[in-house]
Amino acid sequence: MQTFKIASGLPLKSTLLACSASALLLVAPHQVAAQESSLDGVETISVGSLRLPTPITETGSAISIITSQDLDNLGVDFVLDALTLSPGVTINQNGAIGGQASVRIRGNSSEQTLVLVDGIPVNDASTPGGGYNFARLDPENVERVEILRGPQSTLWGTDAIGGVVSITTKRPTDGLHGTGFFEFGSFETFRGGLSGSYGGKRGDIRIGASGISSGGISRADEANGNTEDDSFESGTLSANGGLNFGSDIRLEGSILYNRSDSEFDSFSFASEGGVSDGDELSEVEDLATRVSLYAPVFDGRLENLLVFGYTQTDRANFRNGNEMPNFEAKSQRVILRYQGTANITDGYRLLFGVENDSSESNDTDEIDILGLFGVFEAQPIDGLTLSAGVRYDDNSEFGSETTFRAAAAYQVSDEFTVRGSWGEGFKAPTIFQLTQFFSPAMQPNPDLRPERSNGFDLGVDWRSSSNRAAVSLTYFNQDTTDQINFADGSYFNIARAETQGIELSVQYEVLDGLTVAGDYSLIDAQDQDGDTLQRVPRNTANLRLEYASEGPFSGNIAVRYNGDEIDRRGIVDNWVRVDLAAQYRFTENIEAFARIENLLDAQYQQILGFGTPGFSGSVGFRVRL
């Protein structure tokens, strides 16, 4: 295992210890600001992933929002572990603690999920399907996550067939603040971080560093005779800030950098799931940057936003301790965007814009997409919000694509809202799919077409007048055509998929501070022959018991159920997992937290052949200034 170093040049464990020690020196009186939790859909929160920030009750779309407070309450070490508690979302990870992790929305493939960091696409253009690996995303630098379900290419262009996961990094707040934390856990796991921020009239800045080091478990399931633990080390640096000028003009920038070392196991024809112990190492660097200029004119009736975004992913795999990699890949993506918002009159807004998305893989192959988009939103009567959008994309490799979207939400009363949305999605062939072939008799397919989807959802939301109970029910249906499959040494448009189902969420405050919340998803996902799609459970459910009060103690119990799944080489059995998390505030500045994962020591797999941790846990402290 190579020594992992972050920008300072210090080994990761030394850096984390230094951060933790520094955090303990920062103790000073500070009132911790209350944050609004929205894992179950708080009505007042505005949604930014729709491009037009809109209160969630007026969106017409099926959306889940996870705040930084939710992440703290759950005690998770990775954002991935919180995403799985959202309706319609399923997770597949090849061995926990840093294993390759994908997110599916409503049964669509993980490569059909567009992932944004501060509004910039971060999907890896060098991978075959252009997906995103959620395994390394540290919650310490995340302010909120929005999960927008259903086809969203009218809003965001290519890749948004199944939906969008929009990640917003933490912003600085007024005044001088600091936070530090550290935790120790099972499998020789140590995690820690330190952040500081300052906000004033002229500008603000926040800088943070966090990391995790773990001895891990065997990626290949130990139950199949695999005993070699696969370690994981990861470090994240983030910065976010801006300058305020007159007339509400603001220049802003953000950086999110991660580097990780992850050991993994080898392919094996003879083993279950095709994996067994092996000496493999993956080194990955991810960089996402954003610079924006916001300039309103005409007393705010026209808001102008200029955005530059740059992302880069470098990957290298090593085998048997060799210093020379046996595999290397690099991708980068440049986004240039202008977005205008015309506030025509009360209740009527028009969004319009143009953007250029340029992707490059391995310094040789490049695809440019020029997109024009527009969204009109109207509130013709009290309680009714209508929106319609259109987008035109011109791809340098295969031509143009036009997509449409419409949504409506009607607040029937203070308790009831009915909503619906319809949209189209497309996913352009990746650079890998357009350039790679694996048979001497074949060549890259010049007729490869983009994948296309068409889907709708209808839903109703109810919240009691006392605000103690809430229910949300959604029906969805989506048809995807020209899905790209690999066969006979090349890529072809041969597949079609149809998904439909329901998403149900309930919440009830039993006593002051004690809430029961749960959700259930039924996903019927089939291909053109009527066969169930791989790695899509038909039934998933979550149940949470949460306690939060003005006192020092808070905690929650989360129960996850994942139904049977079809994998490439067999069936992955259903499983149930129980997790506990708790926090105790000694003062307004200092709190202790603990988490127990897999309380019942369930033996299960998410992907056939890959193991998951048994009974395990962690304990730590957090200091806020």
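The residue numbering used here restarts from 1 in each chain and proceeds along that chain's sequence as written. Reporting of local features is limited, given that this is a predicted model, to residues whose pLDDT is at least 70; pairs of side-chain atoms are given and counted only at 80 or more, and all residues count toward the totals for whole chains, interfaces and linings. Note that water and hydrogens are dropped before the side-chain values are worked out from all heavy atoms of the structure.

Draft legend 1. Local environment of the overall build of the protein chain. The number of helices and strands found in the protein chain is 5 helices and 33 strands. Its C-alpha atoms put the protein chain at 65 × 65 × 45 Å along the principal axes. For every residue, the accessible area obtained with a 1.4 Å probe (protein chains only) is divided by the maximum for its type, and the residue is called buried under 20%, exposed over 50%, and partly exposed between those limits. Buried residues in the protein chain amount to 55% of all 625 residues. In what follows, residue pairs with any heavy atoms lying within 4.5 Å of each other are defined as contacts. A sequence separation of at least 24 residues applies to 61% of the contacts in the protein chain between residues at least 6 apart. For the protein chain, the accessible surface area stands at approximately 26,200 Å², while carbon and sulfur atoms represent 56% of it. None of His or the chain ends enter the tally, which takes Lys and Arg as positive and Asp and Glu as negative. Charge placement uses NZ in Lys and CZ in Arg. For Asp and Glu, CG and CD serve respectively. Positive and negative charge centroids in the protein chain, built from 45 and 87 side chains respectively, lie 4 Å apart. Secondary structure counts use DSSP, requiring at least four H or I residues in a row for a helix and at least two E residues in a row for a strand, with both numbered from the N terminus. Residue-level accessible areas treat just the shown protein chains as cover; the underlying method is Shrake-Rupley with a 1.4 Å probe.

Draft legend 2. Highlighting the sheet that holds strand β7 (residues 120-121). Taking strand neighbours across the sheet as the criterion, the 5 strands line up as β3-β8-β9-β6-β7 in an open arrangement whose pairing is mixed. The two strands at the open ends of the sheet, each matched to only one other strand, are β3 (63-67) and β7. Two strands pair when backbone bridges link them, and strand β6 (residues 113-117) and β7 are joined in this way by 2 bridges, in the antiparallel orientation. The partner of Val117 across the bridge, within β7, is Ile120. DSSP bridges decide pairing: two strands pair if at least two such bridges lie between them.

Draft legend 3. Representation of a nonpolar patch on the surface in the model. Here, patches come from residues exposed beyond 30% relative accessible area and free of salt bridges, joined within 9 Å for like charges and within 5 Å for nonpolar side chains (Val, Leu, Ile, Met, Phe, Trp, Tyr). Should a side-chain nitrogen of Lys or Arg be within 4 Å of a carboxyl oxygen of Asp or Glu, the pair is scored as a salt bridge. There is a patch of nonpolar side chains on the surface, built from Leu243, Phe245, Leu251, Val291, Leu293, Leu306, Phe308 and Leu336 and spanning about 670 Å² of accessible area. Tracing the sequence through the fold places Leu293 in strand β15 (residues 275-297). In this structure Leu293 comes out as partly exposed when scored by relative accessible area, which is 31%.

Draft legend 4. Structural context of the confidence of the model for the protein chain. As a per-residue quantity, pLDDT reports the predictor's confidence and falls between 0 and 100. For the protein chain, mean pLDDT is 88; residues scoring 70 or higher make up 91% of the total. Counting contacts from residues 1-37, a segment whose pLDDT is below 50, to residues more than four positions away or on other chains yields 80 contacts.

Draft legend 5. Quick look at the packing of aromatic side chains. Stacked, tilted and edge-to-face are the three classes applied to pairs of Phe, Tyr and Trp rings, where Trp contributes its six-membered ring and a pair requires centres within 6.5 Å; stacked means planes under 30 degrees apart, edge-to-face means over 60, and tilted covers the rest. Tallying each qualifying case throughout the model produces 13 aromatic pairs. With a centroid separation of 6.3 Å and an interplanar angle of 35°, the aromatic rings of Tyr348 and Phe376 are classed as tilted. Note that Tyr348 is positioned in strand β18 (residues 348-361) and Phe376 in strand β19 (residues 365-378), a separation of 28 residues in sequence. Taking relative accessible area as the criterion, Tyr348 reaches 27% and is therefore assigned partly exposed. Ring geometry for Phe456 against Tyr475: centres 6.1 Å apart, planes inclined by 55°, an arrangement best described as tilted.

Draft legend 6. Fine view of the side chain of Arg136. Checked against the element boundaries, Arg136 lands in the loop between β7 and β8 (142-149). Within 3.5 Å is the distance limit for a polar contact, defined as a pair of N or O atoms, with the added protein rule that one can donate a hydrogen and the other accept it, and that residues adjacent in sequence qualify only through two side-chain atoms. Among the polar contacts listed, one links the side chain of Arg136 to the side chain of Asp286, at a separation of 2.6 Å. Those residues in contact with Arg136 that lie beyond four places of it in its chain are Phe232, Ser234, Asn258, Ser260, Val284 and Asp286.

Draft legend 7. Structural context of the environment of Gly163. Among the structural elements, Gly163 can be located in strand β9 (residues 163-169). The buried category is assigned to Gly163, whose relative accessible area is 0%. Expressed as a C-alpha distance, the spacing of Gly163 and Ala406, which sit 243 residues apart in the sequence, is 15 Å. Residues contacting Gly163, with those up to four places away along its chain left out, are Ile105, Gln112, Thr113, Leu114, Leu148, Gly150 and Gln152.

Draft legend 8. Geometry of the pairing of strand β22 (residues 416-427). For β22, the buried fraction is high: 9 of the 12 residues fall into the buried class. Where strand β21 (residues 399-411) and β22 come together, 7 bridges link them in antiparallel fashion. When the bridges of β22 are listed, Ala408 appears paired with Gly420. Pairing geometry for β22 and strand β23 (residues 451-463), over 12 bridges, is antiparallel. What sits directly across from Gly423, in β23, is Gly455.

Draft legend 9. Just a negative patch on the surface, in detail. A cluster of acidic residues, Glu188, Glu222, Glu228, Asp229 and Asp279, forms a negative patch at the surface. Considering the arrangement of structural elements, one finds Glu222 in the loop between β12 (203-214) and β13 (232-244).

Draft legend 10. Structural view of unusual backbone geometry. One non-glycine residue with positive phi stands out, namely Asn320, at about 55°. With respect to the element layout, Asn320 can be found in the loop between β16 (302-319) and β17 (327-345). With a relative accessible area of 52%, Asn320 lands in the exposed category. With phi around 60°, Arg535 is a residue other than glycine that occupies positive phi space. Tracing the backbone shows Arg535 in the loop between β26 (514-527) and β27 (539-548). Look at Arg535 and you get buried, because its relative accessible area is 17%.

Draft legend 11. Inspection of the nonpolar core at higher detail. Put simply, buried Ala, Val, Leu, Ile, Met, Phe, Trp, Tyr and Cys residues joined by side-chain atoms within 4.5 Å make one nonpolar core. Counting residues in hydrophobic clusters, the biggest one holds 33 residues, and the most contacted among them are Leu83, Val103, Phe134, Val145 and Ile167. Excluding residues that lie within four positions of it along the chain, Val145 makes contacts with Ser64, Ile65, Ile66, Val79, Leu83, Val165, Ser166 and Ile167. Listed in part, the 16 residues of the second largest apolar core include Ile65, Leu116, Leu148 and Leu351.

Draft legend 12. Highlighting the pattern of salt bridges. Across all of its chains, the model carries 42 salt bridges by this definition. Here Arg171 ties to Glu252 by a salt bridge, and the two come within 3.6 Å at their closest N and O atoms. Taken together, the residues Arg171 in the loop between β9 and β10 (175-185) and Glu252 in strand β14 (residues 250-267) connect sequence positions 81 residues apart. The exposure class of Arg171 is partly exposed, given its relative accessible area of 30%. The buried category is assigned to Glu252, whose relative accessible area is 16%. One salt bridge connects Glu377 with Arg349, and the closest N-O pair in it is separated by 2.8 Å. On the criterion of sequence distance, the pair formed by Glu377 in strand β19 and Arg349 in strand β18 is long-range, its members being 28 residues apart. The two residues Glu377 and Arg349 agree in class, both being buried.

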